[in-house]
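# Structural overview
Listed below, chain by chain, are the residues.
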Amino acid sequence: MSYTFRSNNKFGASKRFSTNGRRNNQSRGSRRPMGQYIDPARFVKTANLTLAEEYVPRHSFTDFAISQGLKDNLATKGYEIPSPIQDQAIPAALKGQDVIGIASTGTGKTAAFAVPIIQKLTTDNTSAALIIAPTRELAQQIEQECRELGKGSGLSGALLIGGSSMGTQLRDLKYNPRIVIGTPGRTKDHIERGTLKLQKFNLVVLDEVDRMLDMGFIHDVTTILDELSENRQSFFFSATMDVKIRNLISRFTKDPFTVTLKSSGGSENVHQNVVRYAGNSDRMEKLHNILLKEEVEKVIVFDETQRNVERLSNELLQRGFSAGAIHGGKTQGHRERALSRFKKSEVTILVATDVAARGIDVVDITHVINFSLPKGYDDYIHRIGRAGRAGRIGHALTFITD
Ligand code: AMP
């Protein structure tokens, strides 16, 4: 879809740092987890509160060598103090250095690359940026952030994701967009069709590199990087670093500036506990009682199949809770609406499958509830990392039965 950054944000601002939700069931077929056995003791852990320590930034947004328009847009978004990754990465990026950020979603990494990129695009009209993210949801969130930060700059963009109209994407690409944001598969499709020519792109961002590799996008990603201008500035972000990721990054960056965030593991600041249940109706009653608690303000409830997610969200609606559902069987439009309502706290409970919840960035989620067990411990860590964003303490509750 074509957008100029002059337009108002069509999604509306979501209240990211404050919410208050109030909400107001039934046995289901019994299900056994099909994945690996995980010792229930691993679901019990006290959050490490020291990680919420305050970081003292060395810069303020007004110090950065960026346009007044960009400073105004940061202020409009309510960004007063740079987050640690912004504080460290923005000055290096403004000098033209490649940047590697070992940081997860929730750290402010989007603005850490969007601010220097928008600054470059508005001062050098031969430049263009390509931003690759592993999921549609993340690509959309990045687009929204760029739109808000680039408001008034006149820059145009294209969002290349699966499940949305090819016609719109083809039209947007004809207008020579200066920022192209896409998922690896759809971006590669456009390259192969000849509708996206990468030679002019001299700024590239790879977001959530670890997840892209997990999802099997390594080949698509290297194909895309190989097509880009040799003379470019690169930004790579990853929550974790291993040999494969390090190799990929070192092949495609030159003398990079690296920022590593202490708390990027994601689950240290989450209180973890189990909820024991005996039978399906007890499980539903226990969930009901938890959701009624005052402190359970905004919650993702994980369940394991599309059908069960659908059933559970209907059950919660019948019980008077404000619940939405997100899973792979829903249309892209439906997923977007459910996520947007959740972000704006129009619904305060989102029932989700693992796959659909990947890449969801909603900073004010207070609780993650594992109504069904994750398939493995890695999935568990991914799930509970949805809570406790932006240095806050989150809670994870895992339902187990003897
Ligand atoms: P990200 O890690 O980029 O997905 O950002 C996480 C959340 O923090 C988003 O909701 C941003 O809008 C918000 N955010 C990013 N930078 C700042 C900042 N400097 N001050 C306040 N909020 C921020």
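Residues numbered from 1 in each chain as written. Predicted model: local features only at pLDDT ≥ 70, side-chain atom pairs only at ≥ 80, totals over all residues. Heavy atoms only, no water.

Our next topic: the overall build of the protein chain. Across its full length, the protein chain carries 14 helices and 14 strands. Within the protein chain, the proportion of its 402 residues that are buried is 55%. Summing over all exposed atoms, the protein chain offers an accessible surface of approximately 17,600 Å²; the carbon and sulfur share of this is 49%. (Helix = DSSP H or I, 4+ residues; strand = E, 2+ residues; numbered from the N terminus. Buried < 20%, exposed > 50% of the residue type's maximum accessible area, 1.4 Å probe, protein only. Areas by Shrake-Rupley, 256 points an atom, 1.4 Å probe, with all protein chains shown as cover.)

The next thing to look at is the confidence of the model for the protein chain. Overall, the predicted model of the protein chain reaches an average pLDDT of 85, with 87% of residues at or above 70. Below a pLDDT of 50 lies the segment residues 1-33, which in the model reaches 108 contacts outside its immediate sequence neighbourhood of four places, other chains included. (pLDDT = per-residue confidence, 0-100. Contact = heavy atoms within 4.5 Å.)

What follows is about the packing of helix H8 (residues 218-227) against helix H9 (residues 243-252). Viewed as axis vectors pointing N to C, H8 and H9 meet at an angle of 10°, and their least axial separation amounts to 11 Å. The orientation of H8 relative to H9 falls into the category roughly parallel. Two secondary-structure elements touch here, H8 through Ile218, Val221, Thr222, Leu225 and Asp226 and H9 through Leu248, Arg251 and Phe252. Its residues assigned to classes, the contact of H8 with H9 comprises five nonpolar, one polar and two charged. (Axes fitted to C-alpha atoms, helices over the stretch in contact; angles between N-to-C directions. Parallel < 35°, antiparallel > 145°, perpendicular 65-115°, else oblique. Nonpolar A, V, L, I, M, F, W, Y, C, P; charged D, E, K, R; others polar.)

This brings us to the packing of aromatic side chains. Counted under the stated rule, the structure contains six aromatic pairs. Its end group placed over the ring of Phe371, Arg283 keeps NZ or CZ at 4.4 Å from the ring centre. Here Lys298 stacks its cationic end above the ring of Phe342, 5.2 Å away from the centre of that ring. (Phe/Tyr/Trp six-rings, centres within 6.5 Å; stacked < 30°, edge-to-face > 60°. Lys NZ or Arg CZ within 6 Å of the ring centre and 35° of its normal.)

Let us now look at the packing of helix H2 (residues 84-94) against helix H3 (residues 109-123). One can describe the packing of H2 onto H3 by two numbers: an axis separation of 9 Å at closest approach and a directional angle of 25°. When the axis of H2 is compared with that of H3, the two are roughly parallel. H2 and H3 meet at a crossing whose hand is right-handed. Only Lys109, Ala111, Ala112, Val115, Pro116 and Gln119 of H3 make contact with H2, whose side of the interface consists of Ile85, Gln86, Ala89, Ile90, Ala93 and Leu94. Residue composition of the contact of H2 with H3, grouped by class: nine nonpolar, two polar and one charged. (Left-handed = near helix turned anticlockwise from the far one by under 90°.)

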